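Coordinate analysis (summary)
So you can see what is in the structure, the chains are spelled out below.
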Amino acid sequence: MADLDVVVVGAGFAGIYAVHALRSAGLTVRAFEAGSGIGGTWFWNCYPGARCDVESKDYSYSFSPELEQEWSWSERYPAQPEVLRYLNHVADRFGLWPDIQLNTRVTAAIWDGEASQWTVRTDDGAERTARFCVMAAGCLSAYQVPAFRGLESFRGPWYHTSRWPREGVDFTGLQVGLVGTGSTGIQVAPEIAEVAQHLYVFQRTANFAVPNRNAPVDPNVERALKAGYRQYREQARASMLGVPVEGTGRPALAEPAAELQRTYMERWQAGGGMPFLGAYTDVLVDRAANDTVAEFIRDRIRETVRDPAVAELLCPTTYPVGAKRLCQSDDYFAMYNRPNVTLVDVRSDPIAEVTPEGLRTADGFYALDALVFATGFDAMTGALARIDIRGADGLPLTEKWAAGPRAYLGVATAGFPNMFIVTGPGSPSVLSNMVVSIEQHVEWIRDCVEYAVSHGYSQVEATSEAEKAWGEHVIEVAYSTLFPMADSWYVGANIPGKPRVFSPYIGGVGTYRARCDEVASAGYEGFVLTVSLADCRRLAVSVSVNPQAQQVLDGRAEAGVPPTWEQTPEEARAGFAPVREMIGPGPDVASVRDIVIPGTAGGIPARVYSPVANPPGTVVYYHGGGWVLGSVDDWDACVRALAVASGCDVVSVDYRLAPEHVFPAATDDAYDALVWVAAEMAGDRPLAVAGDSAGGNLAAVSALRARDSGGPALALQVLIYPVTDHDLDRESYRKYDGREFILNKGDMAWFWDHYAPDPAARSNPYASPLRATDLSGLPPAFVLTAEHDPLRDEGYAYADRLRAAKVPVEHRHYGSQIHGFFTLVNVIDDADKAAAESGAAIRAAMEG
Ligand code: NAP
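A few points on the structure. Here the structure is a predicted model, which means the values were calculated and not measured. (Residues numbered from 1 in each chain as written. Predicted model: local features only at pLDDT ≥ 70, side-chain atom pairs only at ≥ 80, totals over all residues. Heavy atoms only, no water.)

A few words on helix H22 (residues 636–646). Counting buried positions along H22 yields 10 of 11 residues, so the element is predominantly enclosed. For H22, the set of buried residues is Asp 636, Ala 637, Cys 638, Val 639, Arg 640, Ala 641, Leu 642, Ala 643, Ala 645 and Ser 646. Along its buried surface, H22 packs onto helix H21 (576–583), strand E21 (591–599), strand E22 (602–610), strand E23 (618–622), strand E24 (649–653) and helix H28 (829–847). Directly beyond the C-terminal end of H22, a positive phi value near 70° is found at Gly 647. (Buried < 20%, exposed > 50% of the residue type's maximum accessible area, 1.4 Å probe, protein only. Helix = DSSP H or I, 4+ residues; strand = E, 2+ residues; numbered from the N terminus. Contact = heavy atoms within 4.5 Å.)

Bringing the sheet that holds strand E12 (residues 341–345) into the picture now. Strand order in this open sheet of five strands is E7-E16-E8-E9-E12, and the pairing throughout is parallel. Both outer strands of the open sheet, strand E7 (158–160) and E12, are each paired with one neighbouring strand and no more. Within this sheet the neighbouring strands show an average axis-to-axis angle of 20°, counted without direction. Judged from the five bridges that link them, strand E8 (residues 175–179) and strand E9 (residues 198–203) form a sheet pairing that is parallel. The residue of E9 that forms the bridge with Gln 175 is His 198. Strands E8, E9, E12 and strand E16 (370–373) of the sheet are contacted by helix H5 (residues 183–195), whose axis makes an angle of about 175° with E8. (Pairing = 2+ DSSP bridges. Axes fitted to C-alpha atoms, helices over the stretch in contact; angles between N-to-C directions.)

The description of an aromatic ring pair rests on the distance of the ring centres and on the angle between the ring planes. Within the structure shown, the criterion is met by 52 aromatic pairs. Summarising the aromatic geometry, the rings of Phe 63 and Phe 94 are spaced 5.3 Å apart at their centres and angled 50° between planes, so their arrangement reads as tilted. Here Phe 63, found in the loop between helix H2 (41–44) and helix H3 (65–70), pairs with Phe 94, found in the loop between helix H4 (80–93) and strand E3 (100–101); they are 31 residues apart in sequence, far enough to count as distant. Residues Phe 63 and Phe 94 agree in their burial class; the two are buried. Taking the centre distance of 5.2 Å and the plane angle of 70° together, the rings of Trp 71 and Tyr 86 count as edge-to-face. (Phe/Tyr/Trp six-rings, centres within 6.5 Å; stacked < 30°, edge-to-face > 60°.)

What follows covers the pattern of salt bridges. Within the structure shown, the criterion is met by 52 salt bridges. Arg 607 is paired through a salt bridge with Asp 594; the nearest N and O atoms lie 2.6 Å apart. In this pair, Arg 607 is assigned in strand E22 and Asp 594 in strand E21, connecting sequence segments 13 residues apart. Residue Arg 607 is classed as buried on the basis of its relative accessible area, which comes to 12%. With a relative accessible area of 53%, Asp 594 lands in the exposed category. Between Glu 810 and Arg 812 there is a salt bridge whose closest N-O contact spans 2.4 Å. Through salt bridges with shared partners, one network takes in Glu 295, Arg 298, Asp 299, Arg 302 and Glu 312. (Salt bridge = Lys/Arg side-chain N within 4 Å of Asp/Glu carboxyl O.)

It is at 9 Å that the axes of helix H23 (residues 665–682) and helix H24 (residues 694–708) come closest, and there the two elements cross at 60°. Regarding H23 and H24, the two cross each other, and that crossing is right-handed. Residue-level contacts link Ala 666, Thr 667, Asp 668, Ala 670, Tyr 671 and Leu 674 of H23 to Leu 698, Val 701, Ser 702, Arg 705 and Ala 706 of H24. Tallied by class, the residues present in the contact of H23 with H24 amount to seven nonpolar, two polar and two charged. (Left-handed = near helix turned anticlockwise from the far one by under 90°. Nonpolar A, V, L, I, M, F, W, Y, C, P; charged D, E, K, R; others polar.)

Encoded structure:
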């Protein structure tokens, strides 16, 4: 057993909420956090001037209305210490501390497919196992210091803004150099300029910045907000950026010039970046429209900075506004009017080296007492790349992502089962209000884990196909905008050698959320959910027989029903009468008629169940009974249930039975019936095969024969605890050898002896489809297995072989059920559930 249900990596906004949400779902969780406190970004980035550029009313959790009401922000844009106080309050309020381990860096996460669990190693040498791993390591946490020659020789101290000393730094009277003029550099520069003797700002690329207009929160405004907070949050969730922004709804290029200027000036006066970019519909997609905003901001820079040469250097010209993060500051540009601030253009005069005394550019030298790097992050992937993450078959994540990150919905990546990434590459993440995106991801992950656990799945994995299609969509959307035109960290351009891939999803928070919800409600479309055999064995230790199934077993024991292998075929066939009586009638079906299908060896009786007038497809069904027993009458109730659940016509086939007719009679009839139904009944509608037990064998074999004989084409094969091999030396046979669980090892030997008396015939793939050398090209499969069933392991084996042959497989394992339960509608509730699940799979295959 894994130590934990879930390990969470990181305790920033994402990790904190993941602990709360997963724990509230009844899961055991532990978060590991490298910092000595929680907060992630807001713990590490404690440089002077650090402030959020999203308003406090938006940049806060919405999951708890009580928290929302009781917390008061002091400022419109919260400063770093206040955000950190808020997060600590959340951890206190929800009692999260016992499940968060500080001062512990996760160094490795290794997937163990056999055991369906992650082994997570930490830098204190400890190792934990967990069924699921949630990576909440942050999009901007792997900080980046440029590899300047001679940095190690520098005599003074140097700092990266993202690892700022917690005790602070006193720059009073010092000559300070600052490299980097992104959001961080723009915030820290005025603070340093305030105290330093001189500040040299080394700028490689000028950045657009708009004012914050920060101010204390007005209590009346706060009251009004809190009165309608729920509706406000709903708007945020459905919005483009995770913040409700009021745009004009018009394109800038259609706007008269004076009106355009008025709109921009209003927004400039009001402060904030998002209202600026959201003012007109074409600003982020049309370069000419974008230029109207860019020129407006450049004019404000020229207006503010007195030295025209410095002003021009501060005017960005090489990329569209918004294509790099639009910075926000109330005092950055004005700072250049101070006599103790010098702007150095290291684009035209590049940094050559750091010396013990300062910094040398190609053409100059700057004596410095201290150096500050606000040089950004290996964004989106850096934090994960620094952990040794290995998925299925030991594949390192860094290797999988060598040419750029690939993640389905940005939340999961193929080959890394049970690993989720919060705000990963391919999700809106950094292009949105992070808190809104984090909450959406955490809740989606929680629901997915709950779904898997409650349905008995031990593995959830994104498929490569879904991941590829999503990746193409992300790129397509990105290239319909101006975003890829900048050398930004969004495309990894700030990290030498990093592949240029546009990582975040720009389709909008609301659109993205809707897609994620669709995927979940379609049973996690694009994911494969499975149960590992190891998990299955483990479950067997603890999972007892379903009480309704146990009643059936007890009833048989009381009635003294002998094992099948002690009976003659006639006696065993007669034994179905009391079972039919116990089951009673199945659900009503609009039309039921008996037909005779012309087979090559004579007429094959069959019964057609038509639940609706215009069904989406036709299913050919083969009953169980070890090729010796059973009939369409005996299987009437469960086939009715399947017809109703699938909404499809179901043709139940009375194939010839052994020992009167030995192999291959049953499979010949099964295949003949399929060919006839395809030609005479199905028309243009899709066709599927289905069956249980020996009927599951006939369904699998019919699918094989259809592939080998060039048709008919099948949309799905539904294999309910199928017989797939004659080898009775499997663990599940050993377990039920001599035990009466409807079917035991002796019964199966008896069935094989009657069906294929010639032992050599049993290895024919049309008798034991698991023995087919090649299973590729078969139709998608829905495989159902039961725990207390000798056929359990060969069901698993067939599902695994199909998957290895790249056949899509949906596998449902009923952890407390017995062989035969599928037929016991009205008696065992799981039979109705299994009919509903198989029916849904059939309907989806027919419709999709
Ligand atoms: P950044 O946007 O990547 O900026 C890094 C700066 O360092 C850029 O000016 C870059 O120049 C410069 N630089 C990097 N390597 C250099 C080199 N070798 N030589 C000279 N200059 C070099 O990083 P950031 O400012 O830390 O911001 C990162 C993100 O964090 C932001 O975009 C934002 O999303 C978030 N953030 C938000 C806030 C807020 O909420 N207010 C505050 C800070 C950060 P080039 O442009 O030429 O590459």
